[in-house]
Amino acid sequence: MKDISTSINKVDNEEKISGQAKYVADIKPEGMLYAFTVRAKIVKGKILNIEYPLLPEGYFVVDYRDIPGQNIVKVIFNDMPVFTEKEITYLYEPIALLVGPDKNVLSKLIEGVHIVYQEEEPLFDWIDSVVHYHFDKGEGKRAFSGKKIIEFNYETSYQEQAYIEPQGFIGYMDGEKTTLIGSIQCPYYVKKAVVQALGESEDNVRIIQATVGGAFGGKEEFPSLIGCQLAVALKKIRKPIQLIYEREEDMLVTTKRHPSRVHFKAAIKDNKIHALSADVGIDGGANIGLSGVVLSRALIACTGAYTIENLDISGDVFRTNTVPNGAFRGFGAPQMFFAIEMFIEHLALELGVDPLVFKKDILVKQGDYTSTMGIFRDPVLMPEMICKAMEVSNYQEKRINYDALDSYKGIGMSWFFHGCGFTGSGEKNIIKAKVRLKKEFDKVEILIAAVDMGQGVKTSFRKLVANILDIDIEQVIFNNPDTDAVPDSGPTVASRTMMIVGGLVARATEEVKKRWAEEKFIVEKEYEQPSYIKYDEEKFKGDAYPAYSWGVNVVEVEVDKFTYQVKINKSWSFYDIGKAIDERIVIGQADGGLAQGLAYGYLEVMNHKQGQIMQKNMTDYIIPTAMDMCPMETYLYENPYAYGPYGAKGVGELSLIGGAPAVAKAIEQAIKRRVFKIPVTPEYIMELIKNG
Amino acid sequence: MAKIKFKLNDKFVELDTDPNRRLLDVLRDDFNLTGPKEGCGEGECGACAVLMDQKIINSCCTPLANVIDKEIITIEGFSKTKKFEVIKDAYAKTGGVQCGFCTPGMIIATESLLNKNPHPTDFEIKIGLSGNLCRCTGYNLIIEAVKEAAKAGDGLW
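The structure reproduced in this document is the subject of the present report. Just so it is clear, the model here is predicted, and its values are computed rather than measured. (Residues numbered from 1 in each chain as written. Chains lettered and ligands numbered in written order. Predicted model: local features only at pLDDT ≥ 70, side-chain atom pairs only at ≥ 80, totals over all residues.)

**Here we look at the sheet that holds strand E2 (residues 45-51) of chain A**
All names here are of chain A.
Move 1: A sheet is described by the order of its strands in space; here 3 strands give the open sequence E4-E2-E6, paired in antiparallel fashion. Looking at which strands have only one partner, the edges of the open sheet turn out to be strand E4 (87-88) and strand E6 (114-119).
Move 2: With 6 bridges connecting them, E2 and E6 associate as antiparallel partners. Residue pairing for E6: Ile50 is matched across the bridge by Ile115. (Pairing = 2+ DSSP bridges. Helix = DSSP H or I, 4+ residues; strand = E, 2+ residues; numbered from the N terminus.)

**Details of the environment of Asn78 of chain A**
All names here are of chain A.
Move 1: Checked against the element boundaries, Asn78 lands in the loop between strand E3 (60-63) and E4.
Move 2: On the basis of neighbour count, Asn78 is assigned to the partly exposed category, with 15 C-beta atoms found within 10 Å.
Move 3: It is 15 Å that separates the C-alpha atoms of Asn78 and Pro223, two residues lying 145 residues apart in sequence. (Buried ≥ 20, exposed ≤ 12 C-beta atoms within 10 Å, placed from the backbone.)

**Notes on the sheet that holds strand E2 (residues 11-17) of chain B**
All names here are of chain B.
Move 1: Taken in spatial order, the 5 strands line up as E2-E1-E5-E3-E4 in an open sheet, and their pairing is mixed. The open sheet has two free edges, formed respectively by E2 and strand E4 (55-58), since each of these has just one partner strand. The average angle at which neighbouring strand axes cross in this sheet is 40°, direction not considered.
Move 2: As defined by bridge partners, strand E3 (residues 49-52) adjoins E4 across 4 bridges and the pair is classed as antiparallel. (Axes fitted to C-alpha atoms, helices over the stretch in contact; angles between N-to-C directions.)

**A short note on helix H12 (residues 457-469) of chain A**
Residues and elements named next belong to chain A.
Move 1: If you check H12, its first and last C-alpha atoms are 18 Å apart, about what 13 residues at 1.5 Å a residue would give, namely 18 Å.
Move 2: Residues of H12 that are buried: Val457, Thr459, Ser460, Phe461, Arg462, Lys463, Leu464, Val465, Asn467 and Ile468.
Move 3: Against strand E18 (443-447), strand E19 (476-477), helix H13 (497-514) and helix H14 (583-602) lie the buried residues of H12.
Move 4: Directly after H12, the chain includes Asp470, whose backbone phi takes a positive value near 55°. (Expected span 1.5 Å × (residues − 1). Contact = placed C-beta atoms within 7 Å.)

**Overview of helix H6 (residues 291-300) of chain A**
Residue and element names in this part refer to chain A.
Move 1: For H6, a buried count of 9 out of 10 residues is recorded, marking the element as mostly surrounded by other parts of the structure.
Move 2: Regarding H6, the residues found buried are Ser291, Val293, Val294, Leu295, Ser296, Arg297, Ala298, Leu299 and Ile300.
Move 3: Where H6 is buried, its residues meet strand E7 (129-137), strand E14 (272-285), strand E15 (310-319), helix H7 (333-351) and strand E16 (409-420).

So, to be careful, I would describe these as geometric facts and stop short of saying anything about function.
Here you go:
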């Protein structure tokens with residue numbers, strides 16, 4: 001049998017390359033209507049009156065009055081209405097759907113909706129804390145007394161997922177069953193949300209995944225909102241309806257990466273870091289949604305890849321009258337790793353110590369306590385990875401050469417990890433993943449709710465099962481999840497799919513293997529937390545994650561002397577992901593994640609002015625094109641995790657995390673100035689250079 | 001309304017319709033050719049790319065009036081050719097496909113580039129693909145795919 005990491009052709013190549021794969025916009029049931037969203041034109045206030053134009057025959061308004069169940073979208077924190085009834089808390093908040101057969105008529109009708117508002121003063125400052133967390137390690141605050149203190153502030157801004165396929169669903173009634181087909185990451189999140197909004201029984205709601213044209217977290221919780229809206233419309237109108245966003249609408253109203261501010265303070269003893277305090281703020285936007293969970297992942301990562309004995313960590317989610325923020329690959333970690341990587345570097349420079357020496361001294365070792373007093377149980381390969389990184393990138397020599405004043409070149413390196421799977425007890429208490437395998441004659445069908453959104457789930461899961469059973473991949477079936485067919489194996493998020501769901505599938509497959517002689521049977525497995533993993537959510541104490549993936553990025557840049565444009569010349573990446581289930585798929589993930597991480601650091605600019613997102617299309621919001629990308633070299637390290645299939649840990653998010661700090665550090669060297677915020681745009685570089 | 005004739009995927013077609021309609025809508029709605037995708041609707045992302053007289057265009061920015069008497073080839077038409085087979089195998093071999101939403105447009109961009117320049121350099125490939133956005137791959141494996149196609153299909157273009 002071949003090593004499982006050896007790459008095979010992806011099972012969906014054929015249909016995707018030939019244009020035959022069906023995305024949600026490609027599915028058109030007979031007699032389908034279109035839905036347009038009526039949105040608030042003010043940032044904050046109350047609706048006093050709405051006047052709809054006279055609707056032609058066959059056109060409908062669907063609003064809060066049509067919701068049979070609760071007017072709340074079920075997310076982790078339930079504070080978002082399906083349709084707002086009265087209160088407007090952010091610009092373009094959804095009020096109603098207009099539904100009908102002709103898009104041109106709908107656009108005219110939507111212009112004829114007259115809403116009278118009572119405007120109120122919106123809030124954009126970060127003062128309304130709606131989630132506050134605090135935890136200590138070691139001596140906590142006391143560790144700071146009488147010590148030398150060094151402190152800096154770091155800032156990150158929005159990032160837009162910019163999946164190329166916008167958000168959308170189509171839906172229809174199948175008898176009494178509300179059926180939605182969507183571009184989604186989490187079929188069961190949508191199902192549970194729709195069940196609550198409709199007040200329906202579980203049996204009467206069915207969610208099916210269409211081929212997904214990219215998601216990156218953007219299709220984690222947002223689809224629950226529009227899925228509920230469409231479901232309400234279906235119940236009222238009982239005809240097939242399409243609700244698909246155009247790019248502008250998608251950019252203006254969907255969730256984005258939380259802007260963050262981090263205030264770090266270090267207590268210094270014997271020229272070393274004795275204690276760290278972090279005060280973290282993230283902008284939740286108008287609803288809390290997943291923001292608390294994003295914040296907790298950020299806080300837990302507060303020490304970066306380093307062990308610091310004494311911690312005093314606190315953070316807040318601030319509510320503002322801006323578009324709600326949410327999940328985006330990395331989920332709080334990219335913000336924190338940017339901040340901590342820069343801070344540790346800046347700290348070393350302040351102390352007059354070579355940053356490399358300073359960092360190596362405190363780098364996490366196997367057996368060290370995590371920030372929450374969990375334990376890094378598995379071997380930590382970072383020293384070996386760092387050594388290789390420096391060797392292949394010729395780091396030290398370049399570091400010296402580029403120090404020349406007028407080089408305008410720089411090389412930067414970041415060290416980072418990602419906690420794999422849900423934070424804390426989420427897997428055990430909330431998700432409780434179930435998987436099912438169906439064996440029939442010489443075939444096995446994988447029944448899970450995991451979504452292939454480009455990351456290769458279909459291929460790697462079929463390969464996993466085929467490999468364990470030593471059968472042909474053609475004998476393993478994996479269809480897009482349909483909640484009528486698959487059990488709830490949890491959402492496709494948090495770098496959990498291969499490690500957690502794949503682990504369960506592998507165990508189920510072992511059982512299938514033992515019973516292979518039987519003609520037909522079903523095997524089910526449910527998640528059991530490794531017994532050594534214990535976590536107290538309230539106190540932030542214990543093992544927040546069962547395993548960690550690790551990474552090193554090295555990036556080389558050149559800054560134009562006159563325009564301050566940044567050009568990335570080359571990158572080198574080193575990842576310990578346990579074991580690659582398919583090497584080429586992992587390399588693809590690694591490249592794509594790094595591209596997003598690098599761009600987060602220097603290219604992608606998104607901001608709001610008085611609650612209005614200023615970048616409303618792909619012309620305003622610049623993501624990398626082929627011209628912006630540099631050659632990327634990637635090295636994978638094997639370091640099997642006992643509960644992952646073949647030792648696999650999380651892959652999806654890791655490669656996004658180190659890009660921004662690596663590029664920021666490289667730019668620092670090129671411009672001989674310290675960087676405190678991302679993206680490091682030419683304007684920001686100019687400001688830094690002007691201010692000396 | 002106007003009578004509009006053009007060649008679509010090797011067949012002459014005629015429509016009586018509004019010449020201001022976007023080619024993308026006509027392809028998707030009137031001919032059920034859903035390979036060209038709408039990603040941005042303003043000519044930035046290239047997911048809607050098709051060939052017009054062998055050159056790449058964004059069908060979302062092309063009014064139907066512009067295609068009168070032209071030859072349009074979508075991914076559905078192109079996928080019946082030998083060149084397609086070479087490009088397809090190259091994308092599969094290098095891992096240039098992830099979510100797949102940009103892929104038909106990328107394939108069209110690859111064909112358009114190789115038509116013009118059968119042996120492009122890395123830099124020329126990057127320029128050739130720069131009108132097509134991909135958010136999944138970071139482009140490197142797609143660039144590899146184009147190189148691989150140029151090599152494997154040597155003589156075809």
